[in-house]
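Next come the chains, spelled out residue by residue.
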Amino acid sequence: MKTPSTFNFILKIIMAYLSNVRMFVRVYELGSMSAAARDQRTSPAVASARMAELEKHLGVRLFNRTTRSLKPTSNGQLFYEGALKILEAVSEAEAALTHATAQPRGVLFVAAPLGIGRRLIAPHVPIFKDENPEIELRLRLSDRSIDVTAEGLDVAFHLGPLEDSALKMRVIAECPRILCAAPAYIARRGMPEDGAALVRERHDCLNLRFPGAREFQWRLQTADGPQRFKITGPFESDDGDVLTSWALAGRGIILKPVFEVVEHLLSGALVPVATASPPLPVTLASLTPHRRLRDPKVTIFTDFIALRIKTALSEAEARCAQLPR
């Protein structure tokens, strides 16, 4: 009969092997030892050591390494598919245990755009943690386009149209949006009546752009239905809050979800513009890799945040209704 110490020894070996497999998957997906090390909260030296240990155990080379690149070998490509199945099986086993014990646990990696993350998610994270002490949450905020699978995310909140995806999408709400600018800008450039005036009069429109973004247009509702307007402007940024600060300084017009600017609208620091062709609402959704769907902590967190987002959006819309028409 095996003693408890023997079982503990075997368990340590299994956990070490899983750590190596998990590191391999992240190196493969991110294409960088350093990036994978950061993702797994360790050092490049540790990541390299784990890969060397895994290659020694398997008896094959998994990556071709040079000073400038790291590419998977044919054996590495073959092992990647199996490694995913290993990690998925472990994840499902842990999820089944969580259901049985009713104690969600583990690390949850979440991403969101800056405005949503700062205003609608981050304030509620401490409360979620209090209610679910066994869950550790890693929140990553950015307005850039993200790759949910490649970045190892459990849940990503997405604002806007979604291209074809293998991810599971859960629509949370339709967010009303508004075009607005500071009174100082209106005094200097005049009040545009609609989207056509934005283009015709070459108004300074402040754009949210990031590397790889496509040509920017604003989709507005007109008497003839939704139309796209190719606007221009002297400034752009990949941070939505930076655009708001520029608008507050009188430097141009922004297109924003109402919840992000409702306080400025109520104070008069920003005023609605081009009201004859308002922007269409934008869909707010959560995106989850299919292999994460059965993880209780993913469901619990998404339900928790979705409820609070809906409440916040309703309150913002009700407050915005107080604006003079």
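The written sequence of each chain sets the order in which its residues are numbered from 1. Per-residue local features are limited, in this predicted model, to residues with pLDDT of at least 70; the limit for side-chain atom pairs, both in listing and counting, is 80 or more; totals at the level of whole chains, interfaces and linings are taken over all residues. Only hydrogens and water are set aside; all other atoms, that is, all heavy atoms of the structure, feed into the side-chain values.

For the chain, the name recorded in an unreviewed UniProt entry is LysR family transcriptional regulator, with Roseinatronobacter monicus as its organism.

**What to know about the pattern of salt bridges**
Salt bridges are identified by distance alone: a Lys or Arg side-chain nitrogen within 4 Å of an Asp or Glu carboxyl oxygen. Under the defined criterion, the tally for this structure stands at 13 salt bridges. Arg118 is paired through a salt bridge with Asp239; the nearest N and O atoms lie 4.0 Å apart. Of this pair, Arg118 sits in helix H5 (residues 114-121) while Asp239 sits in the loop between strand E11 (236-237) and helix H9 (240-248), placing them 121 residues apart in sequence. Burial here depends on accessible area, computed with a 1.4 Å probe over protein chains only, as a share of the maximum for the residue type. Under 20% is buried, over 50% is exposed, and the range in between is partly exposed. Given the relative accessible area of 38%, Arg118 is considered partly exposed. Residue classification places Asp239 among the buried residues on the basis of a relative accessible area of 16%. The shortest N-O distance in the salt bridge between Arg200 and Glu201 comes to 3.7 Å. Glu201 sits in the partly exposed class, given a relative accessible area of 36%. Taken together, the shared-partner salt bridges in this structure form one network comprising Arg118, Arg119, Asp239 and Asp241. Segments assigned H or I by DSSP are reported as helices when at least four residues long, segments assigned E as strands when at least two residues long, and all are numbered from the N terminus.

**Considering the packing of aromatic side chains**
Geometry of aromatic contacts follows a simple scheme: Phe, Tyr and Trp rings, the Trp one being its six-membered ring, pair when their centres are within 6.5 Å, and the pair is stacked under 30 degrees between planes, edge-to-face over 60, tilted otherwise. Summed over the entire model, instances satisfying the criterion amount to eight aromatic pairs. A centroid spacing of 5.2 Å and a plane angle of 65° characterise the contact between Phe128 and Phe304, whose relative ring orientation is edge-to-face. Taken together, the residues Phe128 in helix H6 (residues 125-131) and Phe304 in helix H11 (residues 296-320) connect sequence positions 176 residues apart. Each member of the pair, Phe128 as well as Phe304, carries the same accessibility label: buried. Linked through ring pairs, Phe24, Tyr28, Phe63, Phe79 and Tyr80 together constitute an aromatic cluster. Should the NZ of a Lys or the CZ of an Arg lie within 6 Å of a ring centre and within 35 degrees of the ring normal, that charge is described as sitting over the ring. Directly above the ring of Phe304 sits Arg308, whose terminal nitrogen or CZ lies 3.6 Å from the centroid.

**Thoughts on the confidence of the model for the chain**
A residue's pLDDT is the predictor's confidence in that residue, given on a scale from 0 to 100. Across the chain, the average pLDDT comes to 85, with 89% of residues at 70 or higher. Averaged over each element, pLDDT in the chain is lowest for helix H4 (residues 74-101) (73) and highest for helix H7 (residues 183-189) (96).

**Brief notes about the nonpolar core**
Among the nonpolar cores identified, the biggest contains 40 residues, and Ile121, Phe157, Ile254, Leu265, Leu270, Phe301 and Ile309 are the most heavily contacted of them. Per-element tally for this core: the top contributor is H11, with nine residues. Note that the domain bounds reflect an automated or database-derived domain assignment. For this core, the two domains that each supply at least three residues are domain 2 (105-173 + 282-324) and domain 3 (177-280). Contact between two residues is taken to exist if any of their heavy atoms lie within 4.5 Å; hydrogens are not considered. Setting aside residues no more than four positions away along its own chain, Phe301 makes contact with Leu108, Val110, Ile121, Phe128, Leu137 and Phe157. Only buried Ala, Val, Leu, Ile, Met, Phe, Trp, Tyr and Cys residues count toward a nonpolar core, and they belong to the same one when joined by side-chain atoms within 4.5 Å. Grouped together as the second largest cluster of nonpolar side chains are 19 residues, Val21, Phe24, Met33 and Ala83 included.

**Things to note about unusual backbone geometry**
Although it is not a glycine, Arg202 adopts a positive phi angle of roughly 50°. For Arg202, the location among the structural elements is in the loop between helix H8 (195-200) and strand E8 (207-208). Its relative accessible area of 57% is what places Arg202 among the exposed residues.

**Overview of empty space enclosed by the protein**
A 1.4 Å probe that fits but cannot get out identifies a cavity on a 1 Å grid over protein atoms alone, an open set with protein on both sides within 12 Å along at least five of seven lines counts as a pocket, and a residue lines either if it has an atom within 4 Å of a point. Grid points are joined across faces, edges and corners, and a volume is the space filled by probe spheres set on the points. On inspection of all chains with the given rule, the structure shows two cavities of 30 Å³ or more. Put simply, the second largest cavity is a space of about 30 Å³. Along the walls of the second largest cavity sit Pro176, Val258, Phe259, Leu313, Ala316 and Glu317, which together make up its complete lining.

**Notes on the environment of Ser69**
Along the chain, Ser69 turns up in the loop between strand E1 (63-65) and strand E2 (70-72). For Ser69, a relative accessible area of 31% gives the class partly exposed. In this structure the C-alpha to C-alpha distance between Ser69 and Ser32, which are 37 residues apart in sequence, comes to 7.9 Å.

**A short note on the pairing of strand E10 (residues 225-229)**
Only strands joined by at least two bridges in the DSSP assignment are considered to pair. As judged from the five bridges shared by strand E9 (residues 218-222) and E10, these two strands associate in the antiparallel manner. Looking across to E10, one finds that Leu220 is bridged to Gln227. Here E9 folds back onto E10, and the loop between the two strands holds two residues.

**Focus on the sheet that holds strand E6 (residues 168-175)**
Here we have five strands laid out as an open sheet, ordered E4-E3-E5-E14-E6, and mixed in their pairing. Looking along the sheet, the strands with just one partner apiece sit at the ends: strand E4 (135-141) and E6. Here the average twist between neighbouring strands, direction ignored, is 20°. Note: strand E5 (residues 155-159) against strand E14 (residues 282-288), four bridges, orientation antiparallel. Looking across to E14, one finds that Phe157 is bridged to Ser286. Geometry is summarised by axes, namely lines fitted to C-alpha atoms with helices restricted to the contacting stretch, and by angles between N-to-C directions that run from 0 to 180 degrees. H5 rests against strand E3 (106-112), E4, E5 and E14 of the sheet, and its axis sits at about 140° to E4. Packing against the sheet, H11 makes contact with E3, E4, E5, E6 and E14, and its axis sits at approximately 15° to E6.

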